[in-house]
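If you want the building blocks of each chain, they are given just below.
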Amino acid sequence: MMGRPYGSGRVACESCISIDVRRWHREGRLRPGLFFSWSWTCNGEPFGDIKVRTEADAVVLMYRARSYGGAEWKSVEQRVPITWTACHLGGHRPWFICSVYSNGRYCRRRVALLYIAGELFACRRCYGLAYASQHEALHHRGVGKAQKIRMRLGGSPNMREAFPDKPKGMHWRTYDRLRRMHDVAEGRSAVDLMRLVERLERRFARLTGADSANDFDNSGGEESDHDY
Ligand SMILES: [Zn+2]
């Protein structure tokens, strides 16, 4: 079996961890000075949790995270501002303000849902960007490793060329080992790329409303993110 960069279920769940400001508002969790835990399950198993501290018009999310492909966990504290708009029928409704720096600027989009994107909670759009770039990075890392092995064997880094022959003087055992490492790296990058395409397709379907099934969304209602 090819190398798998993550457990097969992990990515699917991780990509769906979201927090919903409307739900927290409904449950009275946005009053300043509160402290509570929030957790998710995946396929019936506990999957992750965060601590939340509330301030006047902001929540501070506290959790441990690591970036995709990263080995080290670190403590993250992310302050997410909250803004309020008047409803047509009276009252006010809250919005998270996405505080992530992406694409060369602070996002500042007003949204109901934030998703964990690598180390930070981000709006759907920033999450999409982070997800794509992380997966491209992983894909390229796999290809890069395979290319290095080809060059070490005196071949060209071009992945479309045949795998180089065994150089004179190299043990067959070494050659076979390098070939296996090459295949794993190449396979890993192919698997990543396939997953990326699959997930982007699924996300696109979700954005266009073609597929509204989302087992892990705990918002309990239709998503209605609002962009300025
Ligand atoms: Zn954003």
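Residues numbered from 1 in each chain as written. Predicted model: local features only at pLDDT ≥ 70, side-chain atom pairs only at ≥ 80, totals over all residues.

Draft legend 1. Quick look at the overall build of the protein chain. The secondary structure content of the protein chain amounts to 4 helices and 11 strands. The contacts of the protein chain with a sequence gap of at least 6 include a subset with a gap of at least 24, amounting to 48%. (Helix = DSSP H or I, 4+ residues; strand = E, 2+ residues; numbered from the N terminus. Contact = placed C-beta atoms within 7 Å.)

Draft legend 2. Representation of the nonpolar core in the model. Membership of the largest hydrophobic core comes to 22 residues, with the highest contact counts inside it found for C98, V111, L114, Y115, F121, A122 and C123. With 4 residues, strand β10 (residues 113-117) is the largest single contributor of residues to this core. Aside from chain neighbours lying at most four places away, what touches L114 is S18, I19, V80, F96, C98, F121, A122 and C123. (Core = buried A, V, L, I, M, F, W, Y, C linked by C-beta atoms within 7 Å. Buried ≥ 20, exposed ≤ 12 C-beta atoms within 10 Å, placed from the backbone.)

Draft legend 3. Highlighting unusual backbone geometry. In this structure, D57 takes a positive phi of about 60 degrees despite not being glycine. Relative to the assigned elements, D57 resides in the loop between β3 (45-55) and β4 (58-65). For R108, which is not a glycine, the phi torsion comes out positive at approximately 60 degrees. Residue position: R108 is located in the loop between β8 (105-106) and β9 (110-111). The class of R108 is partly exposed, set by 13 C-beta atoms lying within 10 Å.

Draft legend 4. Local environment of the pairing of β4. Note: β3 against β4, 5 bridges, orientation antiparallel. Looking across to β4, one finds that V52 is bridged to L61. Adjacent in sequence and paired antiparallel, β3 and β4 are bridged by 2 residues, among which D57 carries a positive phi angle near 60 degrees. As paired elements, β4 and strand β5 (residues 74-86) share 8 bridges and run antiparallel to each other. Residue pairing across strands places L61 opposite Q78, the latter belonging to β5. (Pairing = 2+ DSSP bridges.)

Draft legend 5. Expanded view of the sheet that holds β3. Taken together, 6 strands build an open sheet; the order of strands is β2-β3-β4-β5-β6-β9 and the sheet is antiparallel. Single-partner strands in this sheet number two, and they are β2 (35-42) and β9.

Draft legend 6. Examining the pairing of β5 more closely. Judged from the 5 bridges that link them, β5 and strand β6 (residues 92-97) form a sheet pairing that is antiparallel. Across the sheet, residue A86 finds its bridge partner in β6, namely H92.

Draft legend 7. Structural view of the environment of F36. As for its placement among the helices and strands, F36 is situated in strand β2. Expressed as a C-alpha distance, the spacing of F36 and I50, which sit 14 residues apart in the sequence, is 8.5 Å. What F36 contacts, discounting residues up to four positions off in sequence, is R29 and V52.

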